[in-house]
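Given next are the chains, with one letter for each unit.
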Amino acid sequence: MAALLVSVSCSVLQSGLAGGQVSGTARQPEVQHGIDTYFTYHCQAIGTIRKWAETEVTQFKALGANSIGLGFPLFTASMTSNDVFAWTSCKGGTLRTPPPWVLATVVQIAHAAGLKVVLRPLIDGTNLAKQNPHNWRGKLEPTNVNMWFSKYYRTIKPYLQMAQREKVEYFAIATELDSLADQGNWASVIAHCSHLYSAGKLEVTWSWDTGVKKLLWRSTIFGFDAYPKLPRASLTATSNQLLQGWDYLLWHRPSYRIPKLSAATISEIGIAAQDGSYGWPASGGVPLHGHPFNQQIQATWFTTACAFMKEHKLRGIYFWGAWLARNNGSLPTGPDPARPNNIQPEGQLAIKKCFTGK
């Protein structure tokens, strides 16, 4: 792909290479202790962004993190659109994609603090949910799959080039694109991306609970976003009891099965600090009426995720809930019921214990 000057034609990305998927990848020696953040750009001054990033990185380090998952939005017009684009213009719109040079500033701050970086482009769900609340990136149905993959590659290309310059350790070229998980086009995309980006490892990340076969592709590592549903779990369930529920889903529900589990990373794990969240942890929060704010729900869930990671000897784990542009880059220092999916103080303690044992 280094030889490509402008773009990849649809014909190049039409199909996967025979035998492109493989049964496993080499395991990384260091366990990734990470926290995810989401960077929605609003054309702020670069000095402001630097301060936010420095605050967030300092707090992540204080919790024992050795890595940061840096998510940023890409966009599509509808569930059936064949276009994927980065919205970097400061004219119009409310959510924007940070340009590569802005994102590089955050990467540099993380590296200076000793954190490894995972870049995670995400098809933002805001536009999709406005059309239908049940829409999300895991159910995309482009009318021309070949064109979609061509546009997707063109969009992530500048970020891959930046990742190569900044020696980013990991780049997630697919995150929760579950409906496209078994498309053979990925093999060609991965082959091209590998030519552009060799400084670190390419990662593919699917949702844990998806009926689409989770393929492991040559030249990539594998991650999954963990939002297992335990609707029968009681509010007083212990971490060990919840862990039994996670393991039951893993071994007894086909949609939760993962090939080469020990080679995988939990790329995202989050839950709202509210009663009732065990049954739908991916919701990000439900009305407080009937579902009271409860930090212990989040803390116990995080403890369970950590135990699951250690039990199955995974490559690492990344906790979700922080947004770079929220509260000047700071995690909440007190209970934050207005944003129950934020990483609450009790959740922070659970993360620190997972990472440091203290």
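Whatever comes next refers back to the structure up there.
Below: a short report on this structure. Being a predicted model, the structure only gives us computed values, none of them experimental.

Turning our eyes to something else, we now look at the overall build of the protein. Counting secondary structure elements, the protein contains eight helices and eight strands. C-alpha atoms of the protein, sized along the principal axes, occupy 55 × 50 × 45 Å. Looking at the protein as a whole, 54% of its 358 residues are labelled buried. For the protein, the accessible surface area stands at approximately 14700 Å², while carbon and sulfur atoms represent 54% of it. Of note, the protein has its 33 positive side-chain charges centred 4 Å away from the centre of its 21 negative side-chain charges.

Attention now moves to the pairing of strand 8 (residues 316–323). The buried fraction of strand 8 is high, at seven of eight residues. Both strand 7 (residues 264–269) and strand 8 contribute to a ladder of three bridges, which runs parallel. Of the residues in strand 8, the one forming a bridge with isoleucine 269 is phenylalanine 319. Handedness of the crossover joining strand 7 and strand 8 through helix 7 (residues 295–311): right-handed.

Here we take up the sheet that holds strand 6 (residues 220–226). What holds strands together in a sheet is hydrogen bonding between their backbones, with the strands either parallel or antiparallel. Spatially, eight strands are ordered 1-2-3-4-5-6-7-8 in a closed barrel, and the strand pairing comes out parallel. Mean inter-strand twist for the sheet, computed between neighbouring axes without regard to direction, equals 25°. In this structure, strand 2 (residues 67–74) lies alongside strand 3 (residues 116–123), joined through eight bridges in parallel fashion. Across the sheet, isoleucine 68 pairs through a bridge with valine 117, a residue of strand 3. Sheet strands in contact with helix 1 (residues 46–62) are strand 1 (32–38), strand 2 and strand 8, and its direction is about 150° off that of strand 1.

Under the defined criterion, the tally for this structure stands at 10 salt bridges. The partner of aspartate 36 in a salt bridge is arginine 120, with the nearest N and O atoms 3.7 Å apart. With aspartate 36 in strand 1 and arginine 120 in strand 3, the pair connects residues that are 84 residues apart, well separated along the chain. Residue aspartate 36 is classed as buried on the basis of its relative accessible area, which comes to 0%. A relative accessible area of 1% means that arginine 120 is categorised as buried.

With respect to burial, strand 1 is a largely interior element, seven of its seven residues being buried. Of the pairings in the sheet, the one linking strand 1 to strand 8 comprises six bridges and is parallel in character. Across the sheet, the residue bridging to threonine 37 is alanine 322, located in strand 8. Pairing geometry for strand 1 and strand 2, over five bridges, is parallel. Bridging from a neighbouring strand, glycine 34 pairs with serine 67 of strand 2. Once the chain exits strand 1 it traverses helix 1 before rejoining the sheet at strand 2, and the crossover so formed is right-handed.

A separate point is unusual backbone geometry. A positive phi is found at cysteine 43, a non-glycine position, where the angle reads about 60°. Of note, cysteine 43 is situated in the loop between strand 1 and helix 1.

A few words on the packing of aromatic side chains. Following the criterion strictly, the structure yields 20 aromatic pairs and no others. Ring centres of tyrosine 38 and tryptophan 320 lie 6.0 Å apart, and the angle between their planes is 45°; this geometry places the pair in the tilted category. One end of the pair, tyrosine 38, is in strand 1; the other, tryptophan 320, is in strand 8, with 282 residues separating them in the sequence. For the pair tyrosine 38 and tryptophan 320, a shared accessibility class is recorded, and that class is buried. Centroid distance phenylalanine 39 to tyrosine 41: 6.2 Å. Interplanar angle 90°. Geometry classified as edge-to-face. For tyrosine 41, a relative accessible area of 6% translates into the label buried.

The rules behind these values
- For every chain, the first residue of the written sequence is number 1, and numbering continues from 1 along that sequence.
- The predicted origin of the model limits local features to residues at a pLDDT of at least 70 and limits the giving and counting of side-chain atom pairs to 80 or more, whereas totals for whole chains, interfaces and linings rest on all residues.
- Hydrogens and water molecules were not included; the side-chain quantities draw on all heavy atoms of the structure.
- Going along the chain from the N terminus, every DSSP run of H or I of four or more residues is numbered as a helix, and every run of E of two or more is numbered as a strand.
- Remark: exposure states derive from per-residue accessible area (1.4 Å probe, protein chains only) relative to the maximum for the residue type, with buried under 20%, exposed over 50%, and partly exposed in between.
- All accessible-area figures derive from a Shrake-Rupley calculation using a 1.4 Å probe, and residue coverage is judged against the displayed protein chains alone.
- Note that His is not counted, nor are the chain ends; the positive residues are Lys and Arg, and the negative ones are Asp and Glu.
- Every charge is mapped onto a representative atom, which is NZ of Lys, CZ of Arg, CG of Asp or CD of Glu.
- When DSSP finds at least two bridges between two strands, those strands are taken to pair.
- When the strands point away from the viewer and the connection leading from the first strand across the helix to the second strand turns clockwise, the crossover is called right-handed.
- In this analysis an axis means a line fitted to C-alpha atoms, helices contributing only their contacting stretch, and an angle means the value between N-to-C directions, from 0 to 180 degrees.
- Residue contacts follow a heavy-atom distance rule, with two residues in contact if any of their heavy atoms lie within 4.5 Å.
- Each reported salt bridge corresponds to a side-chain nitrogen of Lys or Arg within 4 Å of a carboxyl oxygen of Asp or Glu.
- Pairing of aromatic side chains requires ring centres within 6.5 Å, counting the rings of Phe and Tyr and the six-membered ring of Trp. Pairs whose planes differ by under 30 degrees are stacked, by over 60 edge-to-face, and all others tilted.

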